[in-house]
Structure formats: structure tokens, C-alpha cells
Amino acid sequence: MTQAREVRTTCPYCGVGCGVLAKVAADGAVTVRGDPLHPANFGRLCSKGSALAEIIDLDGRLLHPEIGGKRTNWDDALDLVASKFSQAIEKHGSDSVAFYVSGQLLTEDYYLANKLMKGFIGSANIDTNSRLCMSSSVAGHRRAFGSDTVPGTYEDLEKADLVVLVGSNLAWCHPVLYQRIVAAKDKRPGMKIVVIDPRRTMTADIAEMHLAIAPDGDVALFSGLLGYLAAKDRLNRDYIAAHTNGFDEALAAAPSLADVAAWTELSPETLSAFYALFAASEKTVTVYSQGVNQSVSGTDKVNAIINCHLATGRIGKPGAGPFSITGQPNAMGGREVGGLANMLAAHMDIENSEHRDRVQRFWASPAIAEKPGLKAVDLFRAVGDGRIKALWIMATNPVDSMPEADAVQAALAACPFVVVSDVLARTDTARHAHVRLPAAGWGEKDGTVTNSERRISRQRAFLPLPGEARPDWRIIADVARRMGFAEAFDHQHQAAVFAEHAALSDFENGGARDFDIGRYAGIDAEAYEAMQPFQWPARPEGRESIRFFDNGHFYTPDRKARFIAVRAHEKAAPNPAYPLTLNTGRIRDHWHTMTRTGKSPRLSQHIAEPFAEIHPLDAALHGIADADLVRLESPHGSVVVRALVTMRQRRGSVFAPMHWTDQFASNARIDTLAPAVVDPISGQPASKKIDIRMHKLAASAFGFAVMRERPETIDADYWAIAKCTSGWRVELAFTEARKDWVGFASSLLQMPEDADRLAYQDQSAGRFRLAAFDGPILKGALFIAPEPVAVSRAWAAEQLSATHENQPQRFRVVAGRAGADRPDPGATVCSCFSVGVNQITAAIASGCSTVEAIGQTLKAGTNCGSCRSEIKGIIDANRLQAAE
Ligand SMILES: Nc1nc2c(c(=O)[nH]1)N[C@H]1C(S)=C(S)[C@@H](COP(=O)(O)OP(=O)(O)OC[C@H]3O[C@@H](n4cnc5c(=O)[nH]c(N)nc54)[C@H](O)[C@@H]3O)O[C@H]1N2
Ligand SMILES: Nc1nc2c(c(=O)[nH]1)N[C@H]1C(S)=C(S)[C@@H](COP(=O)(O)OP(=O)(O)OC[C@H]3O[C@@H](n4cnc5c(=O)[nH]c(N)nc54)[C@H](O)[C@@H]3O)O[C@H]1N2
Ligand code: SF4
Ligand SMILES: [Mo]
């Protein structure tokens, strides 16, 4: 019998980069826990990290290479990919092919993809989903620092007296980092938090100040702050003189307080209070992510923030600095290898002939890209108009995540040759592939990732490779060899790829480039296996500071940082045809296009349906009530989602998550609405400010169903499906009521003719209920009503796991009612222990008045802690109710 073993690895989700201990029991069962020794998380994990064992099953996996949708062998698939790419290059030139890659590749995969395209194919047509994610931060860093450097480290968030979170929903998107701030604030209650976000997110619940800024008011806000700091004499003149250029021009661009107020729609009092707090807090960290990056003024927002830190000398010091926090597990690794179309490898510049020459000599390559390649939006346009003849997509799902997603879909459908490497067989993108290559997933592959604080950690395999899946780096090297580049891609082990990457970072560096991990240039397989997490720089000689720029020493020609004179754009006139602003983003328990979190019953319970957060006044104006279905429309497309009416939303704005795809809902791909409008400097799409209109979808019937097997197709005008413990749960709506509900139920529940069923129908009232049993096992149940169905979702889903021996128990299912002995837990709040809102409310009623007390009574919030702010929200809401 095999022995149980525990493997040190890293979480494959967000850029916090938490260490994970994955334990494989003797019987093969996998459990995970946080690695207490990892410096990113010290043992903590969030809800997504805690549920990692639920997503490693082989359900839906792509396990064999496919050509034209048919299984084939690796040799044929690789030969075809290599020959199609070679032919296109020969016939149409090297710019007629492209790679579209991902911040979810490991550094070794990414390094080889970039090397193949830029050094051997000789084009820079490799771009990445990081274009949609933090390219504005990269551009802002390069403008200010001359390099793409993140100056600080996580510890700074704990040491700061003031943490300003701009366009970051840290509580849901970087939960462990958020927990670290919460813990620091508990210890040092004087610490202040400011959240700048148009909507009141869960993150705002720990904030002293929430500035509900008008969309894209950030340039005006921070430019105004620079003016305030100068006016109040709070500048660090020594730092400005010694280490920077361009201060006067930047200051001259600062707007008046009145202008800032007009731009941000914040009162002068609120602005002054924030400015005074910033001015007074020497130890300030400004954290920012997508509310800053994903904007037409994204790069300017980044520089407006950095300007304020340079002007006060608050950079690279313990507890002080601007901090761009990355989304994906290896967004930073991608930047290090130069995976963006406008970068070279190892933080070198494609426009710099010396750099190009250096990289080419190091690679001993036949070619080197001479100019930047196509950025994501332009790249898919070039696919659409036929300029790109062969495209290889790795570890990303652009048919769901790119703006003008329907145009991207059409472009893929028209492209002569599309290759998709993915772990799943069915994604909205893989559907359009001529060749599908089965990639090894998390837990099966070995490599490195770099987190937001420049810390490089190992991901380690603890599972065998399933089917014929292979690690991405190996697939890329196999194709490169077949294209005639055998010598440069003869790596036998991922350690050899990492060693080469490390050697390039140190090659003719001599302190001229920030990214240097030369200490690892000679690493062998054994040392690589034992590698501990480390932060760069890791130069061959000696140890050095883990922070950058405290003493200047920027990477510009004169070693000084650059202030950038940024001005707020003219405010666009409202668009009467599309009067609302759609803001898009994330929820706590789902990851992007749900290819992994959608497999987890626990994570699928927190929010099981696509939705739109709408302000109560906007809802009233549109005749929309909570739980109605609404259609959101832009000139590019339309979606149907559930209305969530909430005061957390700003008037005039609607928020919808980016997660739902055609695999999980009838019509909820949010990027079909987004125009492909980008920041002119970074090329990053403006995913947070989309002109839309909205109306209520008149439904004649609503439905809810649970079933053991996922139906092949769902014949309803609206549906959304989510995994639950023993099957699936589905929300339904119909514009016209049906006559034959039994027929509908038969196909939805995949009910055999002779199934044992109980049904109830009131045709005139539009009500129908049916439950089908296989012995004591519930096969499925369907509930139809003229209004949104009021059955407890958690209870109904649980019935799939329960046994129903006798008739009263079966009747209860049809009645949609729990017995008095089984109270309805309500919507899941704590995913780790499956605790619902009703259970928490009951505990509050019986005397629990703190998050800790709830934890002691129900365990809720005591594992990953991601739901603690929601629990606090429920306690506060109950307190308010009691006071009324
Ligand atoms: N649970 C979960 N966590 C994730 C991910 C996930 O899919 N799910 N994805 C990861 C990835 S790749 C990324 S990039 C990160 C993203 O992490 P975040 O950037 O924190 O997440 P978002 O929800 O995209 O957007 C953040 C906030 O920006 C606000 N915002 C919108 N417009 C503006 C504006 O004009 N100004 C300001 N100041 N704020 C604005 C939005 O209201 C939103 O609350 O999350 C990572 N972590
Ligand atoms: N409207 C709107 N759109 C957005 C955003 C937004 O906020 N709003 N955010 C943008 C941002 S920040 C991001 S990062 C993107 C994310 O968008 P995507 O990158 O498109 O989303 P994912 O679902 O993470 O796609 C990853 C794919 O890789 C596969 N995969 C997982 N592991 C591996 C592996 O090891 N190898 C290979 N080959 N494949 C693997 C998964 O199955 C999945 O199909 O979305 C962007 N789009
Ligand atoms: S915060 Fe959560 S999702 Fe992010 S790395 Fe840590 S465990 Fe993974
Ligand atoms: Mo991202």
C-alpha cells in the first residue's frame, strides 16, 4: 500500500500566491491546508484555496489530443501544429501567426512560449490575458520608474498607518492579504483603511472611509491630492530634488478642489478629509488593481497615484509605497519572461536595439522580433480580418473574457487554424479549435510562479498525469523542435528551463536591470525540487534589500524617477440610448470563467446565478424588483441576469460579475456587452465602464430544479446551472408558460418513462411540481411558479443526498418544504462549513453579537475567514432592524 504524503505547493488562483500543503492519503484521497511556513499566507487559505481538493477530479477534462474534434495521438497533433505554423510563416511572413497566452501559465511554460515567438519565429505576436489585467500598471511603472518594478512587499501593508485601496475588492479577490490587514488592524486599531470604489464592496466594511467615487474619477482625485500636498507644504522636497524629474509639470496639471469634486462626485468635505489623512500619514500604502487598470485612463491613474508617493518620498520604505496587486497566480512571472507583445524577455525592452541584440546572442537565435507585436484587442481584430492565419491559445478563455466577445468568437470561427491548450474539453473557446491539446493542470505539473510581492514559489505535482495530458512547457518545446529549433528547445526538465531564464536575467546585467535572479542560474533538478520561496532580486552576489527605490536608483537613463503630468479627460456626455454604466468584476467564490471553481459544490453555493447589482432608485425607475430577471443591452450584445437590488450600488451604475459562460447560463457572457475600447498607452480594455440600458424581462413562468445528472440541453428562455453536492441545481424562466410541464420535466430530469414520480399541478394558477424517485433516491425535482420560486435552494439540493423511504418524506419534496425538524439554512454564507444566512440570523437572535461568537456557535468564519465581513454585515443588519 502506498504511504500518505504531503507536498508543498502554491495555490493556482490569485496573485497573493499562498503556500498550500496537499496531502495525498494512502487511498489517493487529497486534502489541502495552508502552508504555515509560506511567507505569503503563514497557513491561511481563503474559500477558493480551501476547496482545491474539489476541483482536481477528471470530470470534463481533456485527456487526449484532438484534431477536428476527434481523438488522435500526440505525434500527429504536434506535427500538424508545427507544419501549419511553419507553412503560414513561409507563405505570409512571421507576423501572420500569433500566440495568446495567460498569467495562469507557469514561468517555465511562459518563458518557452515567448522564446519561440520572439526569438525563433521572429515576431512579437504573443500577447496574454495579462493585457486585460495589469498592463496599465506595467505601463505606469515603466513611465515612472523606467522599469516594471513593484517596489514593496506584503509586510508593508501590515506596517502601514494608512492603507488606501483604490479599485480593489481585496476582501473577495485577495482574501488572505485582506485577512492580514484585518489582523494587523486588530492589533493596532489606530491603523486606517480607505476604500475608493464606486460601489460599497465587502472590503469597505473595515474602512474608516469609503469614497464612492464616480467611475473613472481617479485621475482627478490623485492629481488633486498632489495639488493639496503642495499647497499644505507636505512634500518631501529632498526626495523630489535628489531622485525625480518633472515635478513642476505634474503639479501644474493638478486640478482645483472644485474640479476634483465635479469629477469624482465627492463632496469637498469628503475630499479634504481624505487628503488630510493622506498628508498626515507618513506610512501610507496605496494598493490598486482593476478599478485602476481596466480603464481608458488606466495608465494615467497609475501615474497619478505614483506621483503622490514620489512627492512625499513614500516609496520603498517599510510601510510605505504604491502597490499594484496582481490578479493571476503568475501575472508577475509573465512580466519577467516578457510575455506581453511590447516587452522582451527578462525586463528588457523590445524597442532597444542593444537589448534585442543581447537577448538574441543569449538565445543564439536565428531571428529577434524587431518591433512590438499586436496587443490582445488588436490581435483578435487581426484574427477577425484574416491577417492571422494560425493562432495558438494557451490557458485562457477569450471567447468569454475579451471585450466584444461575440466578435472574438466570430474571429476564431473564421480563422484558418486555431490551436487551444486547455485542461478542459469543453470551454466556449475550445469549441472553435481545430486542434485541442490536453494540458496538465494544477497538482499534475511542476514549475514556478511569482506573486504580487515578487516572491517566486514552486508549484509541485502530487498527482499523476491523467490520460495523455502533458505540461504546457513540454508541449511548446515539442512544437518548437518540430519547427526546426531542436537545439534551443532541448530541455529535458522544467529545472533546465528555469535555470536558463535565471541566467538570462543576469546576462550582462551588472545592476542595470531590476529583474535579476542570477543566483539560480546554475540550478539543477535536485535543488529545484527543494527550492524555497524567495523574493527577487536574487543577484548572484550577496543579499540585498527586498524593497526598491528608498534611495532612488531608478532604472531610467539618469536613474531618476519621472513624475507624469496627468490630466483628467473631459467627462463624456451621457449617452441617452444607453444611460447606465456597467461595472464588471468578481465574486468571492468563483474564478474567472468558472472552469475550475464551477466544479466545486461548496464554491457554487455562495452565489449560484449570474446577477446585476442595481441601486434601489434605478430599479424603481425601471420597474424592477429584487429577484426579477433583467436584460442588459449594449450596442454589442445583451445578457439576461437576476436583479439584486442593493444600496451598496451607486446610482446610475450596475455591477455584474464576469464569471458566467455558455457552459453555466443561457445568456450571461458579460463581455459580449463590452466595447473593445482601450487605454491608449497600455492597450488595456476598459472593462469597468460600459454604456448599457436595462429592462425587466417579462417572464410568465419561473422555475427551479435539482437533478442528479447534468442535462445535455435546457429548453428554457433563461437558465443558470450550478453544481451541488450530489448533482446540479438549475434556475429557469420562460417568457411563455408551457402546457406540457411533464414533458419538460422528463427531458430536464432525464427521467425514464417508468420513473417513480409524484406531481402536483394547478394549471390555472400556473403552478407545477414534480419529483422523480429511483427507489429511495431522488432523481430530480422541478418547481414551477408564476413568480420567482420560493423553495429553499440549499434544502432542495440536500434532498439529492438524502434518502426518501416513505410517502410523507416524498410528499415533502414535492411540497418544497422541509419538516419542522429540518430548518432551512438559507443562502450559503460560509462555504467552508456550509453555514447559511438563516442559521446565522438564528444564532444572532439567541445572543451571538460578534463574528467570534458566531464562529464559536456555528464554526462559520473560523476556517478561511473569507465570509467574516459578510457575517459582520448580517449582525449589523440585525442590529439595525432591532433598533428600528
Ligand atoms: N474570487 C476571485 N478572486 C480573484 C479573481 C476571481 O476571478 N475571483 N481573479 C483574480 C484576478 S485575475 C484579478 S485581476 C483580481 C482583480 O481584483 P480586483 O481588482 O479587486 O477585482 P474587480 O472585482 O475586478 O474590481 C475591483 C473593484 O474596482 C471597482 N471599480 C470599478 N470602476 C472603478 C473606478 O472607476 N474607480 C475605482 N477606484 N474603482 C472602480 C469595482 O467596483 C470593483 O469593486 O482578482 C483576482 N482574484
Ligand atoms: N468584463 C470583464 N472582463 C474581464 C475582466 C473583468 O474584470 N471584466 N477581467 C479580465 C482579467 S483581469 C483577466 S485575468 C481575464 C481572465 O480571463 P481568462 O483567462 O479567459 O479566464 P480563465 O477562466 O482563468 O481561463 C483560464 C483557462 O485556462 C485553463 N487552464 C487552467 N489551468 C491550465 C493549465 O495549467 N494549462 C492550460 N493550458 N490551461 C489551463 C482553464 O480551464 C481555462 O479555460 O479576464 C479579463 N476579462
Ligand atoms: S488568497 Fe485564496 S485564492 Fe489567493 S492564493 Fe491565497 S488561497 Fe489562493
Ligand atoms: Mo486578472
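Residues numbered from 1 in each chain as written. Chains lettered and ligands numbered in written order. Predicted model: local features only at pLDDT ≥ 70, side-chain atom pairs only at ≥ 80, totals over all residues. Heavy atoms only, no water.

Caption draft 1: Quick peek at the domain arrangement of the chain. According to the domain assignment, the chain consists of domain 1 (5-55), domain 2 (66-132 + 330-535), domain 3 (135-324), domain 4 (580-696), domain 5 (701-815) and domain 6 (828-883). Computed from C-alpha coordinates alone, the two centres of domain 5 and domain 6 are separated by 31 Å. (Domains from an automatic or database assignment.)

Caption draft 2: Representation of the sheet that holds strand β13 (residues 321-324). Overall, parallel pairing links the 5 strands, which are arranged β10-β9-β8-β12-β13 in an open sheet. The open sheet has two free edges, formed respectively by β10 (209-211) and β13, since each of these has just one partner strand. For this sheet, the mean inter-axis angle between neighbouring strands, taken without regard to orientation, is 15°. When strand β12 (residues 284-288) meets β13, the two strands line up parallel, connected through 4 bridges. Residue pairing for β13: Thr286 is matched across the bridge by Pro322. (Pairing = 2+ DSSP bridges. Helix = DSSP H or I, 4+ residues; strand = E, 2+ residues; numbered from the N terminus. Axes fitted to C-alpha atoms, helices over the stretch in contact; angles between N-to-C directions.)

Caption draft 3: Main features of the site of ligand 1. Taken together, 34 residues surround ligand 1, and among them Asp197, Ser289, Gln290, Arg586 and His590 come closest. For ligand 1, whose free accessible area comes to 910 Å², the fraction covered by protein is 99%. Taken together, the elements giving at least two residues each to the shell around ligand 1 come down to α6 (170-173), α13 (290-293) and β21 (580-585). For the shell around ligand 1, the class distribution of residues is 10 nonpolar, 15 polar and 9 charged. (Near = heavy atom within 4 Å. Areas by Shrake-Rupley, 256 points an atom, 1.4 Å probe, with all protein chains shown as cover. Nonpolar A, V, L, I, M, F, W, Y, C, P; charged D, E, K, R; others polar.)

Caption draft 4: Fine view of the site of ligand 3. Near ligand 3 you find Cys11, Tyr13, Cys14, Val16, Gly17, Cys18, Leu45, Cys46, Lys48, Gly49, Pro175 and Val176, and these make up its full shell. Those elements that place two or more of their residues in the shell around ligand 3 are α1 (47-50) and α7 (175-187).

Caption draft 5: Main features of the pattern of salt bridges. Enumeration over the complete set of coordinates arrives at 64 salt bridges. Across the salt bridge formed by Arg481 and Asp478, the nearest N and O atoms sit 2.4 Å from each other. Here Arg481 pairs with Asp478, and both are found in helix α20 (residues 472-482), just 3 residues apart, close to one helical turn. Given the relative accessible area of 8%, Asp478 is considered buried. Residues joined by salt bridges that share partners form a network here, namely Glu354, Asp357, Arg358, Arg361 and Glu508. (Salt bridge = Lys/Arg side-chain N within 4 Å of Asp/Glu carboxyl O. Buried < 20%, exposed > 50% of the residue type's maximum accessible area, 1.4 Å probe, protein only.)

Caption draft 6: Local environment of the environment of Ala242. Checked against the element boundaries, Ala242 lands in helix α9 (residues 237-243). Along the primary structure Ala242 and Gln459 are separated by 217 residues, whereas in three dimensions their C-alpha atoms are 42 Å apart.

Caption draft 7: Seen up close, the UniProt feature "domain: 4Fe-4S Mo/W bis-MGD-type" (unreviewed entry) in the chain. When the UniProt feature table is mapped onto this chain numbering, "domain: 4Fe-4S Mo/W bis-MGD-type" (unreviewed entry) sits at residues 4-60. As a span, residues 4-60 carries 7% helix and 30% strand, and end to end its C-alpha atoms are 27 Å apart. (UniProt positions renumbered as here; feature names shortened; annotations may be inferred.)

Caption draft 8: Inspection of the sheet that holds strand β23 (residues 629-634) at higher detail. Taken together, 6 strands build a closed barrel; the order of strands is β21-β25-β22-β24-β23-β26 and the barrel is mixed. The sheet shows a mean angle of 45° between the axes of neighbouring strands, direction not considered. Sheet analysis places strand β22 (residues 611-614) next to strand β24 (residues 637-645), joined by 4 bridges and oriented parallel. Within β24, the position partnered with Glu613 by the bridge is Leu644.

Caption draft 9: Representation of the nonpolar core in the model. By size, the foremost hydrophobic cluster in this structure holds 124 residues, and its most contacted members are Leu632 and Leu732. If sequence neighbours within four positions are ignored, Leu632 has contacts with Leu582, Ala612, Gly637, Ser638, Val639, Val641, Val654, Leu673, Ile692, Arg693 and Met694. With 115 residues, the next largest nonpolar core counts Leu116, Val497, Phe548 and Tyr555 among its residues. (Core = buried A, V, L, I, M, F, W, Y, C linked by side-chain atoms within 4.5 Å. Contact = heavy atoms within 4.5 Å.)

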